[in-house]
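Residues per chain, in single letters:
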Amino acid sequence: MMESVLTVVIPVHDRERIVGATLESLERQGLMCPMILVDNNSSDGSFNVLKEWADARNAKGGCVTVLQETMPGAAAARNRGLREVDSPWVMFFDSDDLMLEGHLNRIIKAINDFPDADIIGWDVAVRQLDGTESRRVFADRDLMFRNMFNAIFATQRYAVRTDFFRHAGSWDASVMGWNDYETGMRLAAMNPRTVKLQGDPTVLVVEQTKSITGTDYSSGAAKWEHAIDCCEATLRRHGLMRELRWLELRRIVLAALYAREKSPEASRLYDEVMRRTLSARQRMLLHAAYAYTRHGGRGIHYLLRPFI
């Protein structure tokens, strides 16, 4: 693999019809760094699309590697790609999103401009299912709180020093949903030196009906709650007691989101949280958060942060 400061790793699963747009957005970057594409048990023609594109690019002097990973899940596929990375920095990307003009140039320039950084992040634009667009922000401070409630470490929003990422434990292949959320918690717990790039987004996240997160919460309850349980283990390992209280708030918000969907998962998770060893004051605050969120309220984590 050619020497480069940055490698891009992209897992792919059953994206034959849409991954081409992502690959075209990579090609428009000029292929200034190595790309590792990992097919993850695709049942369609995704692998052939990746291989044909890689062969064409490599014939023109590119450096694209196509791998296969049989263990299911994006986390396992990303880890397969990560094992091949020998550059100082790595950036993970998703197979249904787009790099806009100048994205890789921007990241490589930032890596050179901020030699002491562990993580470089940026805002992204989002095209939602109804066609509207919004902006999701990255944060360079208050990382634990912001990731816990805003999932700032979504894979399209940052590049990370490779050895720092490996030291954090890489991707947990047991986490089949919210794996970027769980990984972000481990990164934040290590107090990374973080830089946020300013300016207009150079990544477009394209929401899909068929995605890891899906379009509801209750149907994936086991996945989300396993991710939160793994986050709890991280917080306990680092002795972050205040953050553990925040995590209970995150659980009760999830229960309220189940309730919006009229799912029985709501009362189950609500009862689990309330059965924990909590003070009467904490139970009152969490119940208020549940009721507020269940009835459509947003941002309860900001309202209750001074009291949790």
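Please refer to the structure higher up on the page.
All figures in this text were calculated on a predicted structure; none of them were measured in a lab.

Thoughts on the overall build of the protein chain
Of the regular secondary structure elements, the protein chain holds 12 helices and 11 strands. Whereas a compact globule of 308 residues would reach a radius of gyration of roughly 19 Å, the protein chain reaches 20 Å, a difference of no more than 12%. The 308 residues of the protein chain split such that 56% are buried. Across the protein chain, every contact between residues at least 6 apart in sequence was considered, and the portion connecting residues at least 24 apart equals 75%. Just so you have it, the protein chain exposes about 14,000 Å², and 50% of that area is on carbon and sulfur atoms.

So, helix α9 (residues 241-260)
A turn of α-helix holds 3.6 residues, and therefore any two residues three or four places apart point the same way. Look at α9: 30 Å from first C-alpha to last across 20 residues, which is about the 28 Å you get at 1.5 Å a residue. Counting buried residues along α9, 16 of its 20 residues qualify, which places the element largely inside the surrounding structure. Positive backbone phi, at 60°, marks K262, one or two positions downstream of α9.

What to know about the sheet that holds strand β5 (residues 98-99)
As summarised here, the arrangement of the four strands in space is β5-β11-β7-β8, forming an open sheet in which the pairing is mixed. Looking at strand neighbours, the two that pair on one side only are β5 and β8 (133-136), the edges of this open sheet. Where strand β7 (residues 124-127) and β8 come together, four bridges link them in antiparallel fashion. Across the sheet, the residue bridging to R127 is E133, located in β8.

Focus on the sheet that holds strand β10 (residues 194-196)
Here seven strands make up an open sheet; going across it, the order is β3-β2-β1-β4-β9-β6-β10 and the pairing mixed. Each of the sheet's edge strands pairs with one partner strand only, and the pair in question is β3 (64-68) and β10. Each neighbouring strand pair of the sheet contributes to a mean axis angle of 20°, computed without reference to strand direction. Alignment of strand β2 (residues 35-39) against β3, held across five bridges, turns out to be parallel. Looking at β3, one finds that V38 is bridged to L67. The strands that helix α2 (residues 46-59) touches are β1 (6-12), β2 and β3; relative to β3, the one it contacts most, it runs at about 160°.

Comments concerning the pairing of β1
When you tally the buried positions in β1, you get seven out of seven residues, the bulk of the element. Where burial is concerned, the two faces of β1 agree: the one with L6, V8, I10 and V12 and the one with T7, V9 and P11 are both buried. Judged from the four bridges that link them, β1 and strand β4 (residues 89-92) form a sheet pairing that is parallel. Within β4, the position partnered with V8 by the bridge is M91.

What about the nonpolar core?
M148, F153, Y158, L249 and I252 are the most contacted members of the largest nonpolar core, which totals 65 residues. When residues of this core are assigned to their parent elements, the largest contribution, 12 residues, is made by α9. Every residue in contact with L249, bar those within four places of it in the chain, is listed here: F149, L286, A289, I300, H301, L304 and I308. Ranked by size, the runner-up nonpolar core spans 34 residues in total, among them V66, F93, A117 and L197.

Let's talk about unusual backbone geometry
Here the phi dihedral of D142 falls at roughly 55°; this positive angle occurs in a residue that is not glycine. By secondary structure assignment, the location of D142 is in the loop between β8 and α5 (143-150). At W178, a position not held by glycine, the phi torsion is positive, near 60°. Positionally, W178 belongs in the loop between α6 (162-167) and α7 (179-189).

Looking at the packing of aromatic side chains
What the rule picks out here adds up to 11 aromatic pairs. Residues F145 and W246 carry aromatic rings whose centres are separated by 4.9 Å and whose planes lie at 80° to one another, so their mutual orientation is edge-to-face. One end of the pair, F145, is in helix α5; the other, W246, is in helix α9, and 101 residues separate them in sequence. A residue is classified by how much of its surface remains accessible, and F145, at 1% relative accessible area, is buried. Judged by its relative accessible area of 3%, W246 is buried. Counting every residue linked through ring pairs, the aromatic cluster contains F145, F149, W246 and Y302. Taking NZ or CZ as reference, R305 lies 3.9 Å from the ring centre of F145, over its face.

What about the pattern of salt bridges?
Enumeration according to the criterion identifies 25 salt bridges in this entry. Across the salt bridge formed by E69 and R83, the nearest N and O atoms sit 3.9 Å from each other. Of the two residues, E69 is situated in the loop between β3 and α3 (74-82) and R83 in the loop between α3 and β4; the sequence distance between them amounts to 14 residues. Taking relative accessible area as the criterion, R83 reaches 56% and is therefore assigned exposed. In this structure, E243 engages R242 in a salt bridge whose closest nitrogen and oxygen atoms are separated by 3.3 Å.

Quick notes on the rules
Residues numbered from 1 in each chain as written. Predicted model: local features only at pLDDT ≥ 70, side-chain atom pairs only at ≥ 80, totals over all residues. Heavy atoms only, no water. Helix = DSSP H or I, 4+ residues; strand = E, 2+ residues; numbered from the N terminus. Rg over C-alpha atoms; globule rule 2.2 N^0.38 Å. Buried < 20%, exposed > 50% of the residue type's maximum accessible area, 1.4 Å probe, protein only. Contact = heavy atoms within 4.5 Å. Areas by Shrake-Rupley, 256 points an atom, 1.4 Å probe, with all protein chains shown as cover. Expected span 1.5 Å × (residues − 1). Pairing = 2+ DSSP bridges. Axes fitted to C-alpha atoms, helices over the stretch in contact; angles between N-to-C directions. Core = buried A, V, L, I, M, F, W, Y, C linked by side-chain atoms within 4.5 Å. Phe/Tyr/Trp six-rings, centres within 6.5 Å; stacked < 30°, edge-to-face > 60°. Lys NZ or Arg CZ within 6 Å of the ring centre and 35° of its normal. Salt bridge = Lys/Arg side-chain N within 4 Å of Asp/Glu carboxyl O.

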